[in-house]
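Remarks on the overall topology
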Amino acid sequence: MANSQQQAANWLSFLLTQDVPFNELLRSHVAIGKISELCNCGCHGFGFEVPAQATVRPLQEGAGVFYELAFASNHPEEITMLLFTDERGYLSWIDVTYGACNIDPMPDGIAPANKIGVWPGTRHDLPRVDAAD
Ligand SMILES: [Zn+2]
């Protein structure tokens with residue numbers, strides 16, 4: 001199933017239905033931004049662009065992986081969504097791949113089922129500031 005603007009919009013809508021701690025913030029980014037480019041490697045990844053004059057709060061500080069979600073699918077492999085932010089901390093890319101390692105192009109008619117895991121992004125270029133307990 002080839003990547004397309006509509007496909008990307010569908011994945012974005014699907015993402016917004018997910019119960020994630022940053023859902024409201026993500027909605028604010030999606031509301032003012034737009035899908036920019038489509039990956040054509042066979043996955044359903046796409047870029048997202050929040051306008052330069054935006055005043056929404058960032059998802060995180062700086063650029064990098066922000067969050068990962070994995071879903072069972074109606075095919076043998078899972079669907080993985082990987083969220084990235086730009087240097088402003090704004091949503092900038094969503095990888096949507098078949099299998100954890102993008103093993104194959106997205107099969108025709110694939111649909112996500114139950115969520116099987118989430119991983120908040122781990123920043124390596126900034127010192128961790130989490131309070132120790
Ligand atoms: Zn791709």
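Residues numbered from 1 in each chain as written. Predicted model: local features only at pLDDT ≥ 70, side-chain atom pairs only at ≥ 80, totals over all residues. Heavy atoms only, no water.

On to the nonpolar core. Ranked by size, the top nonpolar core spans 32 residues in total, and within it Met81, Leu83 and Ile94 carry the most contacts. Going through the elements one at a time, helix H1 (5-16), helix H2 (23-32), strand E2 (46-49), strand E3 (64-73), strand E4 (79-85) and strand E5 (91-98) are the ones with two or more residues in this core. Broken down by element, the residue count for this core peaks at six residues, all from H1. Each residue touching isoleucine 94, except ones within four places of it in the same chain, is listed here: Leu12, Leu15, Gly45, Phe46, Met81, Leu82 and Leu83. (Core = buried A, V, L, I, M, F, W, Y, C linked by side-chain atoms within 4.5 Å. Buried < 20%, exposed > 50% of the residue type's maximum accessible area, 1.4 Å probe, protein only. Helix = DSSP H or I, 4+ residues; strand = E, 2+ residues; numbered from the N terminus. Contact = heavy atoms within 4.5 Å.)

Examined against the element boundaries, serine 92 turns out to sit in strand E5. Polar contacts involving the side chain of serine 92 include one to the main-chain carbonyl oxygen of threonine 85, which spans 3.5 Å. Looking at serine 92, its side chain comes within polar contact range of the main-chain nitrogen of aspartate 86, at 3.2 Å. Setting aside residues up to four positions removed in sequence, serine 92 forms contacts with Gly47, Phe48, Phe84, Thr85 and Asp86. (Polar contact = N/O pair within 3.5 Å; in protein donor to acceptor, adjacent residues only side chain to side chain.)

One open sheet holds the six strands; their spatial order is E1-E2-E5-E4-E3-E6, and the pairing between them is antiparallel. In this open sheet, the two edge strands, each paired with only one partner strand, are strand E1 (34-38) and strand E6 (112-120). This sheet shows a mean twist of 20 degrees between the axes of neighbouring strands, independent of strand direction. As paired strands, E2 and E5 are joined by two bridges and run antiparallel to one another. In the sheet register, glycine 47 faces E5, and the bridge partner there is tryptophan 93. Contacting E1, E2, E3, E4, E5 and E6, H1 crosses the sheet at an angle of about 130 degrees to E1. (Pairing = 2+ DSSP bridges. Axes fitted to C-alpha atoms, helices over the stretch in contact; angles between N-to-C directions.)

Geometry sets the ideal angles at a metal, namely 109.5 degrees for four tetrahedral donors and 90 or 180 degrees for six octahedral donors. All of the protein donors around the zinc ion are Cys39 (SG), Cys41 (SG) and Cys43 (SG); their distances to the metal are 2.1 to 2.2 Å. As a motif over one chain, the donors of the zinc ion read C-x1-C-x1-C. (Donors = N, O, S within 2.8 Å, 3.2 Å for Na, K, Ca; no water.)

Turning to H2, its buried residues are Asn23, Leu25, Leu26, His29 and Val30. Down the axis of H2, the smallest arc covering the buried residues is 160 degrees, so these residues share one side. In H2, the exposed positions angled more than 90 degrees off the buried face are occupied by Glu24 and Ala31. Close packing links the buried residues of H2 with H1, E2 and E5. (Arc of directions from axis to C-beta.)

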